[in-house]
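Inside the fold
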Amino acid sequence: MFSSKISGSTSKFYTDLYDNEETSQSEDNKSTTTKNSHLQEQNSGASDDVNSQDSDSINSVANEQNSPKHSSYNRMSRLQSCPRFQSFLVTTSNSSICTEIRSEKISTESSFVKVSHSVLEYSSSRYKAAERSSHQFILEDYAVSESESEEESDENRSTEITTIINNQPNDLANEKLLSTTKQEHCDSKKKKAHQVAEELLATEKKYVNILHLIDQVFQFRVDQENRAHPMFPIETVQHMFSNIKSIYKFHNDFLLPQLEERMKLWETNSRIGDIMKNFAPFLKMYTEYVKNFDYAMNLINNLQGKVPRFAAIINEIQKLEECGRLTLSHHMLSPIQRLPRYELLIKDYLKNLTKDNPDYEDTKKALELVSTAANHTNEAMKKIDKFKKLLEIQESIYDSTDLVSATRELVKEGRIVKISARSGDHQERHLFLFSDILLLCSLRLIPGPIYRLRAKFLVENLEIIEGDNLETANTFYIRDDNKNVELYTHSAADKAAWLDALFETMHEIMRRKASLKTGEEKNNLVKTDDVNRCMVCETLFSVMKRRHNCRSCGIIVCSKCSNQKLLFEDNKHMRVCRLCYAALTQPLTKSPTSPVPSLLQVSASAPSVFSGYLLLKTQASKHWTRRWFSLHTDFVLYTFKSDSENMAMTATPLPGFIVIEGKELPDEDPLNSKDRIRAFKIHHSRKGYYLQASSQENKEKWVHVLKLATKAELPQDNDEKSKNSENAQDHQENSQEYS
């Protein structure tokens, strides 16, 4: 049954595949084909299996014997162009492999047919049980072209069915893989949750050690020394450390032991949310500590400056190894930072818990309670950050004054260059601009604090003056009643930023001073006998409700409305009303101001009294520098790099300067005698410059114009004066002649 189908389909297959070959064939091929057909008829009485094997073998042998070699290669190349047979032909490209396949084909054909029958029988039952989608998929694959042989079709069917059979366990494998992946994900989250719990315990141990240092070392030692040798009232110690003892006992005696016990039993009871939920309400005790923090820091700093014995005790403790070379102020910041740390750790722990975890709900509730407790300290935290920055700056400056104050904040800091008034050298400096003071520091090259304080200015007494340096760009002066410093930046943008910050800070402090007097002048205090109610909340005064004067504005207020204290300039903490406290401690706000045009926004080609190139140097030993100079009608001498610049480098007002020609310079002047021919010098009390013209005539013009400018006069004014004097003389002579 298979032989007839194979021969017919094969002939059709080759006809379709080689429809482009020549229609005429050689007589030898025809005879060979006839012989093959006779052989097939003789063997028709045999079994189907044997006939199939013989016909295939005879056809293959006949084709190999009678077909030319190049024809077989041509057919192979054409088969390679067909995508369906490309993979098959690649595996049989080797002639030796092809020979082995042909020799083994006869012996394995019968067994293959039997296997095909069994597979086809299985497929009929398999298709009935398969799903509709799978059935459609199989039918689509079985819609083969008519050019394929039945044998190849059976092979494809058996292969596809085998694939389906093999794919069935893959669904189970995918399910198993999915469950394994989910299990690995859960294990990973459990591992991360355990790591967060371990971090919580580790940080809690370090935190308890810091609390022990504050309470059992600092506070205990200060209290003990104060009782033995009184330095200040006993309640002052309580004001310094607030309720740190209660916080220490809570963490050391309750929270830490339970966390340690739970982590030991983590394998059997992997939970910490219940512990944090139970103890979270007690974290509200931090509110009292945070509210008292500013006052405590100011108190400690003031006592260190006023009580040498107290300062010696604190310094002695700070040298201990357990302090880690950190100050008491740094350690007392730890309770302020602990609540936000709890909140972050519990959030991380909750992220790694599934909703079906028994600790999920407790952890969620604990996070809400801790967040509520942390919100009570948010406002205080903003002030703490400012305080921490002030503390860091104070510790970075060698032998500096006390910078920590409730009304002080950092406005701007950065590198700047100072020009020495004596030698003219350029020296690196660092500026710290605060809301009330300006510090000029230099870098230290030895270990320890990195800055040394060079000058301190009060912002309310500060004066900012535009620079008049002819050689260096971006200069300006800062001065008060005692000091005058010339500074410059490396770019015009940096200079503008510094000037803006200085002017805004000066404006803000003057605004505060105008509304509230906090200086040494005595305020006009309202008499307490004339007021029966609080002038803020209007509460009626009584024996229990006492009257208090606000030391800033002088009004009468109750204790609740004056429970804030500020450090005044006489280093005393005074009661102020909450209105004054809010006004004095509010952050600096930039008021919208219209941009002021820069003094240096002048073009080199702008109209001028006199302009041209000159050589410049500030010291006789330096080299000459070529610059474009332009004198304007406002008696300001501008310098430019070239005559095409649109922005001036420097602007120097000339009134007050003295102009001396090179030949008139004293003998002790260091300028070379050769350079004095075409040179002249302009100078005043603070600095001087050497200028050199291109010719003697040009020098005389410059000297004439600059001498007039130093007297606030212009050449045309002088010419008009001379003309007027000449006209007056002529008129007088004419009148005498007429008389």
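Read on for an overview of the structure. Once a new chain begins, its residue numbering starts again from 1 and follows that chain's sequence as written. A pLDDT threshold of at least 70 governs which residues receive local features in this predicted model, and a stricter bar of 80 or more applies before side-chain atom pairs are shown or counted, although totals over entire chains, interfaces and linings include all residues. The basis for every side-chain value is the complete set of heavy atoms in the structure, and neither hydrogens nor water enter the calculation.

1. Brief notes about the environment of Pro-655
The secondary structure listing takes helices from DSSP runs of H or I that are at least 4 residues long and strands from runs of E that are at least 2 residues long, numbered from the N terminus. In this structure, Pro-655 sits in the loop between β16 (650-653) and β17 (658-661). You can call Pro-655 partly exposed: its relative accessible area is 42%. Residues Pro-655 and Thr-710 lie 55 residues apart in sequence; the distance between their C-alpha atoms is 4.0 Å. Two residues form a contact once any of their heavy atoms are found within 4.5 Å. Non-local contacts of Pro-655, meaning those with residues more than four positions away in its chain, are made with Phe-635, Ala-709 and Thr-710. Exposed residues in this analysis have more than 50% of their type's maximum accessible area, buried residues have under 20%, and partly exposed residues fall in between, with area computed by a 1.4 Å probe over protein chains only.

2. Details of the side chain of Thr-472
Relative to the elements of secondary structure, Thr-472 occurs in the loop between β6 (463-466) and β7 (475-479). The class for Thr-472 is buried, based on a relative accessible area of 9%. For Thr-472, the contacting residues outside a window of four places in its chain are Ile-419, His-426, Tyr-488 and Thr-650.

3. Quick look at the side chain of His-548
Positionally, His-548 belongs in strand β9 (residues 548-549). We classify His-548 as buried; its relative accessible area is 14%. With near-sequence residues (within four places) excluded, His-548 lies in contact with Ile-555, Ile-556, Val-557, Cys-558, Ser-559, Ser-562 and Arg-575.

4. Let's talk about the packing of aromatic side chains
Two aromatic rings from Phe, Tyr or Trp, using only the six-membered ring of Trp, form a pair when their centres are within 6.5 Å; if the ring planes differ by under 30 degrees the pair is stacked, by over 60 it is edge-to-face, and anything between is tilted. Inspection of the entire model under this criterion finds nine aromatic pairs. Here the aromatic rings of Phe-279 and Phe-282 are separated by 6.4 Å at their centres, their planes lie at 50 degrees, and the arrangement is tilted. Phe-279 sits in the buried class, given a relative accessible area of 11%. Residues Phe-432 and Tyr-451 carry aromatic rings whose centres are separated by 5.5 Å and whose planes lie at 80 degrees to one another, so their mutual orientation is edge-to-face. Highlighted residues: Phe-432 in strand β3 (residues 426-434) and Tyr-451 in strand β5 (residues 451-458), separated in sequence by 19 residues. By the burial criterion, Phe-432 is buried, and Tyr-451 matches it. Grouping aromatic residues by their ring pairs yields a cluster made of Phe-250, Phe-279 and Phe-282.

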